[in-house]
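Coordinate inspection notes
What follows is the residue order along each chain.
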Amino acid sequence: MKLLNRGASLRAGLITLITLIILNIAGANPVYAVQAKSADTTAAAAGITFTDIPTAADSLAIRKKHADSVKKAEAAKPAKATTAASKTAEKPKSLWQIFIEGLLGGFTAVILPCIYPLLPLTVSFFTKKSGSRSKAVMQSLIYGVSIIVIYVTLGLLISIIFGSDALNELATNGIFNIFFFLLLIVFGISFLGAFEITLPSSLANKLDANSDKGGLAGIFFMASTLVVVSFSCTGPIIGTLLVDAASKGDRLGPAMGMFGFSLALALPFTIFALFPSALKTLPKSGGWLNSVKVVLGFLELAFALKFLSNVDLAYHWNWFDREIFLSLWIAIGLLIGLYLIGKIKFSHDSDVKYLSIPRTFLAIITFAFVIYMIPGLWGAPLKSISAFLPPEATQDFNLSAIPDGSGSSAAAPSAVIPASIGERKYAANYTRIKTKGLDAWYDYDQALQVSKALHKPILIDFTGFNCVNCRQMEANVWSDPQVFSRLKNDFVLLQLVVDDKVELPASEQFVSDYSGKKITTLGGKWSNLEAQRFNANSQPLYVMLDSDGNLVKDASGAEIAPSPANYNIASYLKFLDSGIAAYKK
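Described below are features of the structure shown in this document. What you see is a predicted model; the values in this text were computed from it and never measured.

1. What about unusual backbone geometry?
Negative phi values dominate among residues other than glycine, just as trans dominates among peptide bonds. If you check the backbone angles, Leu 382 has positive phi at about 50° while not being a glycine. Inspection of the secondary structure puts Leu 382 in the loop between α14 (357-373) and α15 (444-454). Exposure remark for Leu 382: the relative accessible area of 5% places this residue in the buried category. At His 455, a position not held by glycine, the phi torsion is positive, near 60°.

The following block contains the structure:
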């Protein structure tokens, strides 16, 4: 189906705001949990390859299989409060969030050139064919339901084919992240107009022939024809949604994302069938539809960089630093802004004879966002987008100040660490996620020794290279001067990175009593510890312990979980202060 006339319209830049909303990622739920002492292991940063290892947690089926053994192990420990992790640990994304993202993606697809021109044509077809308004409405409803059934079936197939285990592992698996990066690059180039991603024309022809049948079957095949013919526009959006839902949601994530997408796609056909006169108010099809595609193409390219950054961090490639990431985003933002004001165009674009008011405002927003990112090249925290960026520690040139104003990462003068403890194990692995001004430890047993020497409680931070919520927590909560001061001076900070792909020496690899899987990497070791001891799989997960590895809690025995929704500084301070007070008692 070909585009209609090209012109200008107020819809052109809506895709910028819509996709930025889609890219928002929910906060994690930092929780207060129980831990016992673990055996010491040492890792050597050997040659790094892609490996199939346990990720942040094993499947629910494995948990059930080992539930009895875990309960027995907990019962054998000294009297402690039961873990809150199983009750409060938050999944990477809720089904509601995935549904809303799908809904926004569907509304975006409606204003793309493969679908928008079909709105008046399809509604007029139903109106004329049915002969009455009531039949036209009924047929449009069936048409909309058919679209929903087709897309939800696609989402369910993704879940069935991959399974819940595989979907959970996608977030940090190197091969899949590289694949997603390349996939989104292809989608972006397609939207920029280099080529079109289409399904076989023979399939479209067969479906179109079957749509001539009467009754429900004919309407269903009409909906199927729309899905196939519009794939060149909807394919990249669907692919992005499925990638995001599969790697950051639960097993029903792809189906829920497709439900939101298809619902948004089907609604206009039904609404305009109810009120056909409203079709006259729609802007005419034209060149603005292609502008929407081009802007979306740029945003697909920007989104792809996050997947490349994930692999770079987890596998210690160390060549995709924060300033490189920001430079690419700034360049893409400038191109979007110049495109919106008509200073650059592609071969298939119409001339922009004048700037419409919507284009002008969207260009202003785009250029303002670019200007906002520029100070990040010199270390500005950029809190609003910190979750998407590589950690600040990857930046070579950082002028940002340390939150407590000390200008040093050293702890209080009295905090002298005995030489017998030795060098910080694994510290060289984590220079790229190190929080400026804080010197963390990265081995559990070594942290216990430091705690005994300094007479300070331990704060375990289960984190990850690819943990978006961890970066947001560090940027928005740890950066508070009071929080930062407590982390620096009142605790032994222990960071356990659950997605580190560094191989454990062969003599230290083991088969997990919890999952039955062979643990071959340092990250797998800490991931197994978090899952086995805490029955938790989310990051960040915060745990306060005394020098013997026992849970530190307040006098009432209550377990404290800071706010999971808004990274509340006051709640986190209360959490830390309760641990300090209990430890001193």
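Having seen it, we continue.
2. Quick word on the packing of aromatic side chains
The description of two aromatic rings rests on the distance between their centres and on the angle between their planes. Taken as a whole and judged by the stated rule, the model has 21 aromatic pairs. With a centroid separation of 5.9 Å and an interplanar angle of 55°, the aromatic rings of Phe 179 and Phe 180 are classed as tilted. Looking at Phe 179, the relative accessible area reads 46%, which means it is partly exposed. Arranged with centres 6.4 Å apart and planes meeting at 40°, the rings of Trp 329 and Phe 388 form a pair that is tilted. Remark: Phe 388 occurs in the loop between α14 and α15 and Trp 329 occurs in helix α13 (residues 322-340); sequence separation between them is 59 residues. Across this residue pair, the class does not change: Trp 329 and Phe 388 are buried. Joined through ring pairs, the aromatic side chains of Trp 317, Trp 319, Phe 320, Phe 325, Trp 329 and Phe 388 make up one cluster. Positioned above the aromatic ring of Trp 441 is the side chain of Arg 424, whose terminal nitrogen or guanidinium carbon lies 4.0 Å from the ring centre.

3. Here's the deal with the packing of helix α7 (residues 174-191) against helix α12 (residues 287-314)
Geometrically, a packed helix pair is captured by the angle between its two axes and the distance between the axes. Interaxial distance between α7 and α12 falls to 8 Å at its minimum, and their mutual angle equals 165°. The orientation of α7 with respect to α12, classified from their angle, is roughly antiparallel. Every pair of crossing elements has a handedness; the one defined by α7 and α12 is left-handed. Across the contact of α7 with α12, the residue classes break down as 17 nonpolar, 5 polar and 2 charged.

4. Looking at the state of the cysteines
For the coordinates displayed, the defined rule picks out 1 disulfide. Paired through a disulfide, Cys 467 and Cys 470 show a sulfur-sulfur distance of 2.1 Å. The sign of the 80° torsion about the S-S bond sets the Cys 467-Cys 470 disulfide as right-handed. Cys 470 shares its class with Cys 467; the two are buried.

5. Some words on the sheet that holds strand β2 (residues 492-497)
The sheet built from 3 strands is open, its strands ordered β2-β1-β5 with mixed pairing. Edge positions in the sheet fall to β2 and β5 (541-545), since each has one partner strand and no second. When the angles between neighbouring strand axes are averaged without regard to direction, this sheet yields 20°. As paired strands, strand β1 (residues 458-463) and β5 are joined by 5 bridges and run antiparallel to one another. Looking at the pairing, Asp 461 lines up with Tyr 542 of β5. Sitting on the sheet, α15 touches β1, β2 and β5, and the angle it makes with β2 is about 175°.

Cut-offs applied
- Just so you know, the residues in each chain are numbered from 1, in the order the chain's sequence is written.
- Side-chain atom pairs in this predicted model are given and counted only at pLDDT of 80 or more, local residue features only at pLDDT of at least 70, and totals for whole chains, interfaces and linings cover all residues.
- Neither water nor hydrogens contribute to the side-chain values; these are computed over all heavy atoms in the structure.
- Per the convention used, a helix needs a DSSP run of H or I reaching at least four residues, while a strand needs a run of E reaching at least two, with both numbered from the N terminus.
- When a residue's accessible area, from a 1.4 Å probe over protein chains only, is under 20% of the maximum for its type it is buried; when over 50% it is exposed; and in between it is partly exposed.
- Ring geometry is summarised as follows: Phe, Tyr and Trp rings, the Trp one being its six-membered ring, pair when their centres sit within 6.5 Å, and such pairs are stacked at plane angles under 30 degrees, edge-to-face over 60 and tilted between the two.
- Throughout this description, the term charge over a ring refers to an Arg CZ or Lys NZ atom that lies within 6 Å of the ring centre and within 35 degrees of the ring normal.
- Under this scheme, a helix contributes an axis fitted over its contacting stretch, all axes are lines through C-alpha atoms, and angles between N-to-C directions fall in the 0 to 180 degree range.
- In this scheme, roughly parallel covers angles under 35 degrees and roughly antiparallel covers those over 145, while 65 to 115 is roughly perpendicular and the rest are oblique.
- Take the far helix as your reference; a near helix turned counterclockwise from it by less than a right angle gives a left-handed crossing, and one turned clockwise gives a right-handed crossing.
- The classification used treats Ala, Val, Leu, Ile, Met, Phe, Trp, Tyr, Cys and Pro as nonpolar, Asp, Glu, Lys and Arg as charged, and all other residues, Gly among them, as polar.
- Pairs of cysteine sulfur atoms within 2.5 Å are what we label disulfides.
- In short, DSSP must find at least two bridges between two strands for them to pair.
- We call two residues in contact whenever any of their non-hydrogen atoms come within 4.5 Å of each other.

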